[in-house]
Amino acid sequence: MENCEYQELKVRNECEKERWWCLLKQLLICSTVWTQFFMTGLSVGATTVMVPQLKREQSTEIDAELISWLYSTTSFAILPWVFILPYFTSLTGRKFPQIINSIITTTSFLILYFGSEIKHIIISEIIQGYFHAANINLMVIILTDYSSVKYRGIFLGMKGASFFWGMWMANAIGTFYHWKNVALLGIISSLYTYNVIFWKESPVWLASKGRIEKCKMCFRWIRGTDKDSEKELQELISDEPQIKYDRIRFTDTISSPEFYKPLLLSLVAVAHYHLSAKMVCSLFVLDILKIITKDENSAYTGMLILDGVTVFGTYVGSYLVKILKRRTLYMFTSCCVVACLLIISLYLYLVKWKVLEENNYVLMVFFCMHSAAVSCGPVVLACSVFGEVISPRFQATSYTVTGGTFCIINMIIVKCSHQMFRVFDVSGTFLFYGVMCCICTSYLYMFLPETRNKTPKEIELYFRPKAMGDM
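Position numbers for residues count from 1 along each chain, tracking the sequence in the order it is written. The predicted origin of the model limits local features to residues at a pLDDT of at least 70 and limits the giving and counting of side-chain atom pairs to 80 or more, whereas totals for whole chains, interfaces and linings rest on all residues. To obtain the side-chain values, all non-hydrogen atoms of the structure were used and water was disregarded.

**Topic: the packing of helix α6 (residues 149-176) against helix α7 (residues 180-192)**
Put simply, the rule is: Axis definition: a line fit to C-alpha positions, over the contact stretch in the case of helices; interaxial angles, taken between N-to-C directions, run 0 to 180 degrees. For the purposes of this entry, the term helix denotes a DSSP run of H or I that reaches at least four residues, the term strand denotes a run of E that reaches at least two, and both are numbered from the N terminus. The labels follow the angle: roughly parallel below 35 degrees, roughly antiparallel above 145, roughly perpendicular from 65 to 115, and oblique for the rest. By definition, residues are in contact when any of their heavy atoms lie within 4.5 Å. Residues are grouped as follows: Ala, Val, Leu, Ile, Met, Phe, Trp, Tyr, Cys and Pro are nonpolar; Asp, Glu, Lys and Arg are charged; every other residue, Gly included, is polar.
Remark: α6 packs on α7, axes separated minimally by 8 Å, with the N-to-C direction vectors making an angle of 140 degrees. Taken as axis vectors, α6 and α7 run oblique relative to one another. Contact residues: α6 offers Met169, Ala170 and Ile173, while α7 offers Asn181, Val182 and Leu185. Among the residues making up the contact of α6 with α7, the classes are represented as five nonpolar, one polar and no charged.

Here's what the structure looks like:
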């Protein structure tokens, strides 16, 4: 009897030890992805603080057109890679594209740090197009392929937190020191991402190539051998013949509800992310606050406060993803975002019409409320939507379309924002974002399923006509 209890205790301890080792392996891989997002935040934030310093440093005047290109070059550089990377990833796996990603990231920050002219900054931003595009598709694929169902939500949520943490660091460094120190931090951070050489290949990719035994080995190395992991492994392996079939019958694939319904949700989620106005506020926060406060020091202070609220909000959102239903959290925070955008717009209109006297403290509270709401919801969950609802069988095509849409919307917004602020003022611009965000929220409310604690197979079954309403 005692011997049986001893054996049972030993098995239980072994299982617990295995779970912890698997979690550490997943954290190693996911922390590399989070570091990539952190460095993307550094590169985006560097532009925000770089432009004012370049204006003071350059002997020749920097015109509005050049400033516009400094902000938008990376957005254009992303475009070819969002179409290439999904198929490149499908062809070569996950490790090799990430190795290239690490090398390109280091190279771009080296050029940014050692460059002495504006053309060097432009070159660096063009090179950054690869790792910015990788964040849209490759990084999300890695997170969904390597993380277990139990931790997938919080791991996907942390990428948004890492991005805005990078932006906050860049803005803080640029406020008190020279902007080139941002590039130096980027170089140091990029060295961590070379741990990719220790990764196993993605079991999802191995299954798609018919390498079943290798798939089993890598899956168990990453996820362990408990009951839930073995169930997911069997679902993954059973899908393998269908993956090959769907690639051959492309026409049938694009007409399949399991393909186009998640894709439409993903496209709306991408639009929702941009139309929540968080990206515009992050990129042009200094311009917005200078227009409103009429004081440069107050604008810098406000920028750092909003960045701090954003980072705090994304970490809170990442935690809430773990304990709340995704759909509930997403819809509640999205409604709060819409309300904040409309309240800010209304307040600024009332000030403009001299119905109210302007109070910068009241306005800063509204901006903080907007940052907190958008950080807890759309920032954490919008890009996680297509990471969860898109089936592994349709990743290449779906991520290409979604990434292209992300890039195009981002380019339009970044390129046109200065014009919108000039023509419609801050009040009109926020009214536009409030209305558009409300439309996207309504669509997601009607069609977005709950994905918490669901395997990719279970989520895919939701979109099949015979299974509608089962989840």
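**So, the confidence of the model for the protein**
The condition that has to hold: Scored from 0 to 100, pLDDT reflects the predictor's confidence in each residue.
Per-residue confidence for the protein averages 85 on the pLDDT scale, and 91% of its residues sit at or above 70. Here residues 243-248 scores under 50 on pLDDT; set against residues more than four positions off or in separate chains, the count is 11 contacts. Scored below 50 in pLDDT, residues 467-471 shows 11 contacts in the model against residues more than four places distant or in partner chains.

**Topic: the pattern of salt bridges**
Side-chain pairing between opposite charges can occur once the charged atoms of the two side chains come close. What counts is decided by this rule: The rule for a salt bridge is simple: a side-chain nitrogen of Lys or Arg has to be within 4 Å of a carboxyl oxygen of Asp or Glu. Whether a residue is buried, partly exposed or exposed follows from its accessible area with a 1.4 Å probe, protein chains only, as a fraction of its type maximum: under 20%, in between, or over 50%, in that order.
Tallying each qualifying case throughout the model produces eight salt bridges. A salt bridge links Glu213 to Lys216; its shortest N-O distance comes to 3.8 Å. Here the residue Glu213 and the residue Lys216 both occupy positions in helix α9 (residues 212-223), the gap between them amounting to three residues, near one helical turn. Since its relative accessible area comes to 58%, Glu213 is described here as exposed.

**Brief notes about the nonpolar core**
Here is the rule we go by: Side-chain atoms within 4.5 Å are what join buried Ala, Val, Leu, Ile, Met, Phe, Trp, Tyr and Cys residues into a set we call a nonpolar core.
With 122 residues, the main nonpolar core has Phe109, Ile142, Phe163, Tyr273, Tyr330 and Phe367 as its most contacted residues. Looking at this core, the element that brings in the most residues is helix α1 (residues 2-57), giving 15 residues. Apart from residues lying up to four places away in sequence, Phe109 is in contact with Met39, Leu42, Ser43, Phe131, Ala183, Gly186 and Ile187.

**Observations concerning helix α19 (residues 378-389)**
Keep this limit in mind: In this scheme, a helix's expected span is set at 1.5 Å multiplied by one less than its residue total.
Helix length check: α19 (12 residues) gives 16 Å between terminal C-alpha atoms against 16 Å at 1.5 Å per residue, within 8%. For α19, a buried count of 12 out of 12 residues is recorded, marking the element as mostly surrounded by other parts of the structure. Turning to α19, its buried residues are Pro378, Val379, Val380, Leu381, Ala382, Cys383, Ser384, Val385, Phe386, Gly387, Glu388 and Val389.

**Points about the side chain of Arg94**
When you line up the elements, Arg94 lands in the loop between α2 (64-92) and α3 (95-114). In contact with Arg94, not counting residues within four places along its chain, are Thr89, Leu138, Ile141, Ile142, Asp145, Tyr146, Glu201, Ser202, Val204, Trp205 and Gln395.

**Description of unusual backbone geometry**
The phi dihedral of Lys354 is positive, around 65 degrees, even though this residue is not glycine. Within the secondary structure layout, Lys354 lies in the loop between α17 (326-352) and α18 (360-376). According to the relative accessible area criterion, Lys354 is exposed, its value standing at 73%. A positive phi angle is found at Asp425, which is not glycine, with a value near 65 degrees.

**Thoughts on the packing of helix α16 (residues 296-323) against α18**
Rules: Crossings are sorted by hand: turned counterclockwise from the far helix by less than a right angle, the near helix makes the crossing left-handed, and turned clockwise it makes it right-handed.
Closest axis-to-axis distance for the α16/α18 pair is 7 Å, and the angle between their directions is 30 degrees. Considering their axes alone, α16 and α18 lie roughly parallel with respect to each other. Where α16 crosses over α18, the two elements pack in a sense that is right-handed. Of α18, the residues touching α16 (which contributes Gly302, Ile305, Leu306, Val309, Thr310, Gly313, Thr314, Val316 and Gly317) are Met364, Phe367, Cys368, Ser371, Ala372, Ser375 and Cys376.

**Some details on the state of the cysteines**
Filter applied, for reference: The disulfide definition used here is simple: a pair of cysteine sulfur atoms within 2.5 Å.
Under the defined criterion, the tally for this structure stands at zero disulfides. Unpaired in this structure, Cys30 has its nearest cysteine sulfur neighbour in Cys22, at a distance of 13 Å. Cysteine Cys335 is unpaired, with the sulfur of Cys336 as its nearest cysteine sulfur at 7.0 Å. Judged by relative accessible area, Cys335 falls into the partly exposed class, the value being 48%.

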